[in-house]
Amino acid sequence: IFGSLDRITRPEAILASNTSSISITRIANATSRPELVVGMHFMNPPPIMKLVELIRGMQTSDEAFLRAETFAEALGKTVCRSEDRPGFIVNRILMPMINESFVALMEGVGTPEDIDAGMKLGTNQPMGPLALADFIGLDTCLSIMRVLHDGLGDTKYRPCPLLVQYVDAGWLGKKSG
């Protein structure tokens, strides 16, 4: 996609990706202008969520990064800046919590309702991790966990077998019904 965008957009255009986990440096490598490629991870749903995670690839210029930041702020967003590492900031922390909620479910620690209620009310989050995974899409959660596991090589990022089974069964969350 970014190779095609590189060919059809003006040479000075900044190319931004909304990826939540794919390396911006890798995406930029598909273009002839890696200094103008930046990550702008808008949280879902963008009209409601205030955060944009801004990711700088290895070759992203200071000017492109500043222009992306200025654009996000003009949209009324708060920006957090992340280095180009697997999962960036938000998913590096969020996805292991969601994955562990599937481990707790698989091991019978609690029902889905109790796991969500415990995390929602016990940690003051707007929704529980299983409900959030359902909203994000279980296939997306699994994909991000695989990026974390492959990119970091740590077994703590190994996707829960129950999450894998759900995705294999086509149980992807709200988007699949």
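Above: the structure in question.
Here the structure is a predicted model, which means the values were calculated and not measured.

Reading the values: the criteria
- Residues numbered from 1 in each chain as written.
- Predicted model: local features only at pLDDT ≥ 70, side-chain atom pairs only at ≥ 80, totals over all residues.
- Heavy atoms only, no water.
- Phe/Tyr/Trp six-rings, centres within 6.5 Å; stacked < 30°, edge-to-face > 60°.
- Helix = DSSP H or I, 4+ residues; strand = E, 2+ residues; numbered from the N terminus.
- Buried < 20%, exposed > 50% of the residue type's maximum accessible area, 1.4 Å probe, protein only.
- Pairing = 2+ DSSP bridges.
- Axes fitted to C-alpha atoms, helices over the stretch in contact; angles between N-to-C directions.
- Parallel < 35°, antiparallel > 145°, perpendicular 65-115°, else oblique.
- Contact = heavy atoms within 4.5 Å.
- Nonpolar A, V, L, I, M, F, W, Y, C, P; charged D, E, K, R; others polar.

Undergrad: Go over the packing of aromatic side chains with me, naming the residues and quoting the values.
TA: Inspection of every chain in the model, using the stated rule, returns two aromatic pairs. When the centroid spacing of 5.9 Å and the interplanar angle of 85° are considered together, the rings of Phe102 and Tyr166 count as edge-to-face. Of the two residues, Phe102 sits in helix α4 (residues 90–106) while Tyr166 sits in helix α8 (residues 161–168), which places them 64 residues apart along the sequence. Since its relative accessible area comes to 3%, Phe102 is described here as buried.

Undergrad: Break down the pairing of strand β2 (residues 37–42) for me, citing the residues and quoting the values.
TA: Counting buried residues in β2 gives six out of six residues, a clear majority hidden from the surface. Pairing of strand β1 (residues 15–17) with β2, which is carried by three bridges, proceeds in the parallel orientation. Each residue of the ladder has a partner; that of Ser17, found in β2, is Gly39. Looking at chain direction, β2 and strand β3 (residues 51–56) are connected through five bridges and run antiparallel. Within β3, the position partnered with Met40 by the bridge is Leu54.

Undergrad: For unusual backbone geometry, give the residues involved together with the corresponding values.
TA: Cis geometry marks the peptide bond from Asn44 to Pro45; its omega dihedral reads -10°. Residue placement: Pro45 occurs in the loop between β2 and β3. The backbone of Phe88 shows a phi angle near 55°, a positive value even though the residue is not glycine. Within the chain, Asn124 stands out as a residue other than glycine whose phi angle is a positive 60°. Here Asn124 is to be found in the loop between α5 (112–123) and α6 (129–136).

Undergrad: Please give an account of the packing of α6 against helix α7 (residues 138–152) that cites residues and values.
TA: Two numbers describe how α6 lies on α7: the axes approach to 6 Å, and their chain directions differ by 100°. Judged on the interaxial angle alone, α7 and α6 are roughly perpendicular. Contacts between α6 and α7 involve Ala133, Asp134 and Ile136 from the first element and Leu138, Thr140 and Cys141 from the second. When grouped by side-chain class, the residues that make up the contact of α6 with α7 number four nonpolar, one polar and one charged.

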